[in-house]
Amino acid sequence: MLIAVNAGNSHVLLGGYEEDEQLFAASIATEPKWTRDDYACKLQQVFGLYSVPVGRIRGAVVSSVVPSMVTVLEDALRLLGVTDVIEVSSGVKTGLNIRSEQPRQVGSDRVASAVAARAKGKLPCVVVCLGTATTFTVLDQSGALVGSAITAGVRLSLSALREQAAQLPAVAIEARDEGILARNTADAMRVGAVYGAAAMVDGMVGRFAETLGQTPHVVVTGDIAPLVTRYMRVPFEYDQSLVLDGLHLIWKRNRS
Ligand SMILES: Nc1ncnc2c1ncn2[C@@H]1O[C@H](COP(=O)(O)OP(=O)(O)OP(=O)(O)O)[C@@H](O)[C@H]1O
Ligand SMILES: CC(C)(CO)[C@@H](O)C(=O)NCCC(=O)O
């Protein structure tokens, strides 16, 4: 089994793959203070939870957008006996043409998602990730990564409002089935956050379409996606496993 690991700013996602099939996916918290031993214990629990004997794991591919997490996770995997570990960094073959002034700056999670989106073959394409940050990654007709947009994620913008505006409360993000006309502050913040994110995606996709000269395929991922997509107007595909699938493809490209 191959283990794909994506350390984001909020969660570490783990996926187990065998014969191109995802056998399990798990999400644990990103805790930058945790040591190799903390993560080794947590990973051992996750493998136990999904009935994966560690001896069955023949390798791992690790992507992290939190630099301090890379070594900790790799060392934790090695401690458990997983010795063949690839890190998604500049030396790794992804097959992706990144047309950026600084290709190395592009987050490895965005690279992995772009690799998976390109493999779907529906191009041009915009990958929308609704996580800690909201990101847009644009692939042209040839599958090259030609543009990006990064903004504050839905949860992050709500917590920034609470921290910076004295009269705004902490609110949990939830769906607003009562519609867009909020009549109290907490609901107004929810409408702003959730409908606002949906409208931003619609608007950004429209603008990317103008520049690409073609309507792109839209793939949405990230843990907030199910909440935001219900209010979106552009056609889209939801793929929860995009990052992990991309990591699996990167592993195959580098190890087969
Ligand atoms: N249980 C799961 N199984 C498979 N994929 C998952 C699971 N939970 C979350 N994901 C996917 O993992 C990716 C990252 O999740 P999430 O948005 O929670 O991370 P994050 O830490 O907030 O991300 P980032 O810091 O990169 O913005 C998303 O593509 C999401 O859809
Ligand atoms: C934008 C985030 C935080 C999204 O997880 C991550 O991909 C990242 O830290 N990227 C580095 C900058 C870039 O992707 O251009």
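Bear in mind that the values here come from a model prediction, so they are computed numbers and not experimental data. (Residues numbered from 1 in each chain as written. Chains lettered and ligands numbered in written order. Predicted model: local features only at pLDDT ≥ 70, side-chain atom pairs only at ≥ 80, totals over all residues. Heavy atoms only, no water.)

(A) Looking closely at the overall build of the protein. Helix and strand counts for the protein come out as seven helices and 10 strands. What you see for the protein is a C-alpha radius of gyration of 19 Å, in line with the 18 Å of a compact globule of 256 residues. Oriented by its inertia axes, the alpha-carbon framework of the protein measures out at about 55 × 40 × 30 Å. Within the protein, the fraction of its 256 residues that count as buried is 48%. Contacts in the protein between residues far apart in sequence, at least 24 positions, make up 57% of those at least 6 positions apart. On the protein, roughly 12,700 Å² of surface is accessible, and the fraction owed to carbon and sulfur atoms is 49%. (Helix = DSSP H or I, 4+ residues; strand = E, 2+ residues; numbered from the N terminus. Rg over C-alpha atoms; globule rule 2.2 N^0.38 Å. Buried < 20%, exposed > 50% of the residue type's maximum accessible area, 1.4 Å probe, protein only. Contact = heavy atoms within 4.5 Å. Areas by Shrake-Rupley, 256 points an atom, 1.4 Å probe, with all protein chains shown as cover.)

(B) The arrangement of the site of ligand 1 in detail. Neighbouring residues of ligand 1: 17 residues in total, closest N9, H11, L13, T132 and T221. The separation between an oxygen atom of ligand 1 and a polar main-chain atom of S10 is 2.9 Å. G222 is positioned such that a nitrogen or oxygen atom in its backbone is 3.1 Å from an oxygen atom of ligand 1. Look at ligand 1: alone it shows 630 Å² of surface, and the protein chains cover 91% of it. (Near = heavy atom within 4 Å. Polar contact = N/O pair within 3.5 Å; in protein donor to acceptor, adjacent residues only side chain to side chain.)

(C) Representation of the layout of surface pockets. A volume near 760 Å³ is recorded for the largest pocket. Every element with two or more residues in the lining of the largest pocket is listed here: β2 (11-18), β3 (21-29), α3 (108-120), β6 (125-130), β7 (133-139) and α7 (242-255). Top contributing element to the lining of the largest pocket by residue count: β3, with four residues. The residue inventory of the lining of the largest pocket, partitioned by class, reads 13 nonpolar, 18 polar and four charged. Of the residues that make up the lining of the largest pocket, three or more belong to each of domain 1 (2-87) and domain 2 (103-243). Put simply, the second largest pocket is a space of about 320 Å³. Lining the second largest pocket are 16 residues, and of these S89, S90, R104, V106 and V111 lie nearest its centre. Considered class by class, the residues forming the lining of the second largest pocket number eight nonpolar, seven polar and one charged. A domain split of the lining of the second largest pocket shows at least three residues from each of domain 1 (2-87) and domain 2 (103-243). (1 Å grid on protein atoms, 1.4 Å probe; cavity = no way out; pocket = protein on both sides within 12 Å on 5 of 7 lines; lining within 4 Å. Points joined across faces, edges and corners; volume = space filled by probe spheres on them. Nonpolar A, V, L, I, M, F, W, Y, C, P; charged D, E, K, R; others polar. Domains from an automatic or database assignment.)

(D) Local environment of the side chain of D140. Tracing the backbone shows D140 in the loop between β7 and β8 (145-152). Here R99 takes part through its side chain, which lies 3.3 Å from a polar atom of the side chain of D140. Within the structure, the side chain of D140 is placed 2.7 Å from the side chain of S142, a separation counted as a polar contact. Apart from the residues within four sequence positions on either side, D140 is in contact with R99, L123, P124, V146 and L212.

(E) Structural context of the domain arrangement of the protein. Annotation of the protein at the domain level lists domain 1 (2-87) and domain 2 (103-243). Inter-centroid distance (C-alpha atoms) of domain 1 to domain 2 is 26 Å. Here domain 1 packs against domain 2, burying approximately 570 Å² in sum over the two surfaces, 45% of which is carbon and sulfur. Across the contact surface, domain 1 and domain 2 share zero salt bridges. Here domain 1 is connected to domain 2 by four residue pairs in polar contact (both at pLDDT 80 or more). Among the elements of the structure, β2 and β4 (59-64) are those that each provide at least two residues to the side of domain 1 that touches domain 2. (Buried area = accessible area lost by both parts, 1.4 Å probe. Salt bridge = Lys/Arg side-chain N within 4 Å of Asp/Glu carboxyl O.)

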